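Listed below are the residues making up each chain.
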Amino acid sequence: MMEPGKRGKGASPMRAQPSKSSTSSHSRGGATLKGRASNREKNKRKNNPKAEGTGAKTSRKEGSFDSYVANHRKIAKESLRRLMKQPVSSLMTWAVIGIALSLPVGLSVLLANVQQLSSGWDGSAQITLFLKMDVSDKNASNLALELSARPTIAQADFISRSSALDEFKTLSGFGEVLNYLDENPLPHVIVVKPAKSLATVQQTNDLQQRLSEIKLVEKAQLDLQWVQRLHTMTELIQRGVWALAFLLALAVLLVIGNTIRLAIENRRDEIVVVKLVGATDGFVRRPFLYTGLWYGLGGGLIAFCLVQITLFWLDSPISELARLYYSSFSLSGLDLESTLFLLTTSMLLGWCGAWVAVRRHLGAIEPS
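A. Spatial organisation of the nonpolar core. By size, the foremost hydrophobic cluster in this structure holds 32 residues, and its most contacted members are Val252, Ile260, Ile264, Ile271 and Tyr295. For this core, the elements supplying multiple residues, two or more each, are helix 3 (87-118), helix 8 (225-266), helix 10 (281-324) and helix 11 (336-361). Here this core takes eight residues from helix 10, the largest share from any one element. Contacts of Val252, omitting those with residues within four sequence positions, involve Ile97, Ala100, Leu101 and Leu349. Residues Leu131, Ala144, Ile190 and Val217 belong to the second largest nonpolar core, which totals 19 residues.

Below, the structure written as structure tokens:
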């Protein structure tokens, strides 16, 4: 006999089997927990019935937006691919648009360079004071010192009668003739340079008026009329540039509109088939609008290249001319902001031209 608690050498070990009562109690407990969890989920749905619907709507909106963007991307690529399949006709259309846009853009760039060149000429204007003939050298010199101390005057140079006559003899070439004069006909002169704070023409005119009221001054002459004439001519040219830009923009709209009209006619059968299967006007319109955008972008890029090449070609002689006048002026081309404005405007013109053509001709194509 074996002792209790000891196993025989050949005896197989026995695993303790759970009783039926314990198994059934565990299963009932699990079922109870699952039931409680489902009840809590039901209570949540009862308390917040919109939660499930909101999540479904959000997912549907995200999916529709992604598909909408993907559809636009696909149509844009397909429109560009169609243009690339006809490189000659597309390049000709881009060239026409680019030349039309480059004319006002180039003129506006040249005008901006002229305005930049003349921006500092207002401050360099001089007021020449011709003193009375009976003013002595000492009084004239004291007046120049007094004017130099004023805050509205940057510099006042005194030129005596004898110095003015000697300079006139040297520059005029009539030195021998002037030697026969009995007396010096030239008065004392004070050349006044206004301060930099006087930035406008009106302020300089006011300074001239005050200087002309000095008792020793016979006449105060402002050397600014040529600057005013230049500003007037610049404003006139600027308005002409805007008028030319408007006319050429209208020409670009007509060119793109006619090109899109021909594209619509070439794809008439395709449009009829697409409308037969239930396509909306917006879906049919979309490829032509993207075609107009591509036409505008290509024309803007060609206009940019033409303007930059022209400025590069003109820069060397203009720099040489400025050097002869002891200046370091050089032409400046389109900056980043102007380039983005040019491309955005060209794309907008392309889109508008395509929209006008589609709006007018697409509605007339209906399946019979």
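Still more ground to cover, so stick around.
B. Up close: the packing of aromatic side chains. If you walk through the whole model with that rule in mind, you get two aromatic pairs. With a centroid separation of 6.5 Å and 65° between ring planes, the pair formed by Trp94 and Tyr295 is classed as edge-to-face. Of the two residues, Trp94 sits in helix 3 while Tyr295 sits in helix 10, which places them 201 residues apart along the sequence. Comparing Trp94 with Tyr295 shows no difference in burial state: the two are buried. A ring pair is formed by Trp351 and Trp355, whose centres lie 5.6 Å apart and whose planes are at 15°; its orientation type is stacked. One end of the pair, Trp351, and the other, Trp355, are both in helix 11, four residues apart, so they sit about a helical turn from each other. Since its relative accessible area comes to 27%, Trp355 is described here as partly exposed.

C. Structural context of the packing of helix 10 against helix 11. Following both chains from N to C, one finds helix 10 and helix 11 inclined at 145°, their axes separated by 7 Å at the closest point. The way helix 10 lies across helix 11 gives a crossing that is right-handed. Seen from helix 10, the contacting residues are Arg285, Phe288, Leu289, Gly292, Leu293, Gly296, Leu297, Gly300, Leu301, Ala303 and Phe304; seen from helix 11, they are Thr339, Leu342, Leu343, Ser346, Met347, Gly350, Trp351, Ala354, Trp355 and Val358. Residue composition of the contact of helix 10 with helix 11, by class: 14 nonpolar, six polar and one charged.

D. Summary view of the sheet that holds strand 1 (residues 127-131). Pairing is antiparallel across the open sheet formed by four strands, whose spatial order is 2-3-1-4. The open sheet terminates on both sides in strands that have one partner only, identified here as strand 2 (153-159) and strand 4 (217-222). Between one strand and the next, the sheet's axes are offset by a mean angle of 20°, whatever the strand orientation. Note that strand 1 and strand 4 share five bridges and pair antiparallel. Considered in strand 4, the bridge of Leu129 is made with Ala220. Relative to strand 4, helix 7 (residues 201-212) is tilted by about 170°, and along the sheet it contacts strand 1, strand 2, strand 3 (189-194) and strand 4.

Cut-offs and rules
- Residues numbered from 1 in each chain as written.
- Predicted model: local features only at pLDDT ≥ 70, side-chain atom pairs only at ≥ 80, totals over all residues.
- Heavy atoms only, no water.
- Core = buried A, V, L, I, M, F, W, Y, C linked by side-chain atoms within 4.5 Å.
- Buried < 20%, exposed > 50% of the residue type's maximum accessible area, 1.4 Å probe, protein only.
- Helix = DSSP H or I, 4+ residues; strand = E, 2+ residues; numbered from the N terminus.
- Contact = heavy atoms within 4.5 Å.
- Phe/Tyr/Trp six-rings, centres within 6.5 Å; stacked < 30°, edge-to-face > 60°.
- Axes fitted to C-alpha atoms, helices over the stretch in contact; angles between N-to-C directions.
- Left-handed = near helix turned anticlockwise from the far one by under 90°.
- Nonpolar A, V, L, I, M, F, W, Y, C, P; charged D, E, K, R; others polar.
- Pairing = 2+ DSSP bridges.

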